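Below are the chains, spelled out letter by letter.
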Amino acid sequence: MTKANIQPANSETFARAVSILKDGGLVALPTETVYGLAADAGNQKAVKHIYAVKGRPAHNPLIAHVLSPEKAGDLAEISAVAQDLIDAFWPGPLTLVLPRKTSQPGELPTIAMRCPDRPWRRAFIEAGFKGHLVMPSANRSGHISPTTAQHVADDLGSAVDLIIDAGPCTDGIESTIVKIENNHGVLLRPGALPTSALAPYIPDLRLPNVDAPISAPGMLKSHYAPNAKVRLDATEKRCNEAYLAFGPTDIAFDLSLSETGDLSEAAQNLYSALRRLDTVKTIAVAPIPLQGLGEAINDRLRRAAAER
Ligand code: TXA
Ligand code: MG
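The model shown is predicted, which means the values in this text are computed figures rather than measured ones. (Residues numbered from 1 in each chain as written. Chains lettered and ligands numbered in written order. Predicted model: local features only at pLDDT ≥ 70, side-chain atom pairs only at ≥ 80, totals over all residues. Heavy atoms only, no water.)

**Q** What is the right way to look at helix α2 (residues 44–54) in this model?
**A** Turn by turn, an α-helix covers 3.6 residues, leaving residues three or four places apart pointing in a common direction. Along α2, the positions that sit buried rather than exposed are Ala46, Val47, Ile50, Tyr51, Val53 and Lys54. Looking at the packing, one finds that the buried side of α2 touches β3 (36–40), β7 (133–134) and α6 (149–156). Where α2 begins, one side-chain oxygen reaches toward the backbone nitrogen of lysine 45, 3.1 Å away; that side chain belongs to asparagine 43. Glycine 55 occupies a position one or two residues after α2 and carries a positive phi of about 70 degrees. (Buried < 20%, exposed > 50% of the residue type's maximum accessible area, 1.4 Å probe, protein only. Helix = DSSP H or I, 4+ residues; strand = E, 2+ residues; numbered from the N terminus. Contact = heavy atoms within 4.5 Å. Polar contact = N/O pair within 3.5 Å; in protein donor to acceptor, adjacent residues only side chain to side chain.)

Right under this line is the structure:
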């Protein structure tokens with residue numbers, strides 16, 4: 001495999017990225033959550049190429065990433081609640097699923113959309129990028145999301161035209177996804193924005209009905225998986241296991257998500273830790289409290305541990 005093209009995040013690289021995107025190429029972009037694999041949403045061939053490079057099933061739709069919050073109305077019907085959420089949290093780690101403005105035959109009637117918070121966003125606008133991007137996480141389908149440029153290179157290598165390196169992602173876990181229906185909200189994926197932050201805007205936020213047909217097609221049970229088995233709520237280290245700790249502990253751990261028990265630090269470290277420990281048979285993970293970001297961390301760990 002030829003070498004991955006990793007370049008530092010600076011204005012020259014951003015300009016190069018815009019010309020690659022305009023030519024129908026693929027660029028891996030750092031966001032506050034995880035690294036994404038971006039294509040120009042207006043270029044059907046480039047969008048198809050994303051599915052091929054990731055090995056992503058065709059039925060799994062892509063999140064649109066708008067370059068400014070005002071662009072949301074170009075793609076979707078924005079209800080009052082949706083507008084309040086956009087005003088409060090964009091740019092940031094919240095994805096909204098909204099009714100599409102126009103839908104082509106075979107397309108879902110909804111579109112998932114977010115506006116990420118990173119310097120390349122303004123640089124792309126200034127360089128004259130007019131449309132929007134589609135951008136799933138820049139990993140092989142079903143694998144752990146990447147939180148560094150090297151993770152992207154390890155998964156996708158030279159299949160990506162350019163990987164922009166801005167260091168490790170600050171949030172480290174994917175965006176929170178909320179579907180808005182008639183000014184009510186359904187949580188499709190807990191994520192980097194804790195659900196408690198949504199309460200003032202959506203007091204009756206519902207959890208998806210697990211028996212209903214899959215509402216976020218990517219949210220299959222076994223997703224976000226390392227090769228190793230994952231054992232949850234582990235309070236001891238057994239033989240053939242690597243132990244992933246959280247908080248102060250007497251166990252001789254292999255890595256710790258946060259030695260002080262800080263959930264933001266744990267979210268930031270989660271995917272790097274799973275990738276680094278993925279040489280053993282089983283990764284045993286300490287119990288993680290469920291409050292705040294712990295909800296999203298536990299969600300990803302449960303998926304990593306699910307039967308495959
Ligand atoms: O933080 C993030 O959201 C990252 C960064 C790169 O922005 N992106 C990301 O994309 O996690 P992806 O494709 O790995 O996960 C998006 C999820 C998938 O589970 C997909 O099925 C779901 O969003 N999705 C996309 N469109 C949808 C729709 N119209 N209705 C329900 N779910 C949708
Ligand atoms: Mg993904």
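**Q** Is there a simple way to think about the side chain of arginine 275 in this case?
**A** Here arginine 275 shows up in helix α7 (residues 263–276). Overall, the relative accessible area of 15% leaves arginine 275 in the buried class. Apart from the residues lying within four places of it in its own chain, the contact partners of arginine 275 are Asn139, His143, Ile144, Ser145, Pro146, His151 and Asp155.

**Q** Looking at this structure, how should I read the sheet that holds strand β14 (residues 282–285)?
**A** Overall, parallel pairing links the four strands, which are arranged β11-β14-β12-β13 in an open sheet. Each having just a single partner strand, β11 (229–231) and β13 (255–256) make up the two edges of the open sheet. Here β11 pairs with β14 via three bridges, running parallel. Each bridged residue has a counterpart across the sheet, and for arginine 231 the counterpart in β14 is alanine 284. (Pairing = 2+ DSSP bridges.)

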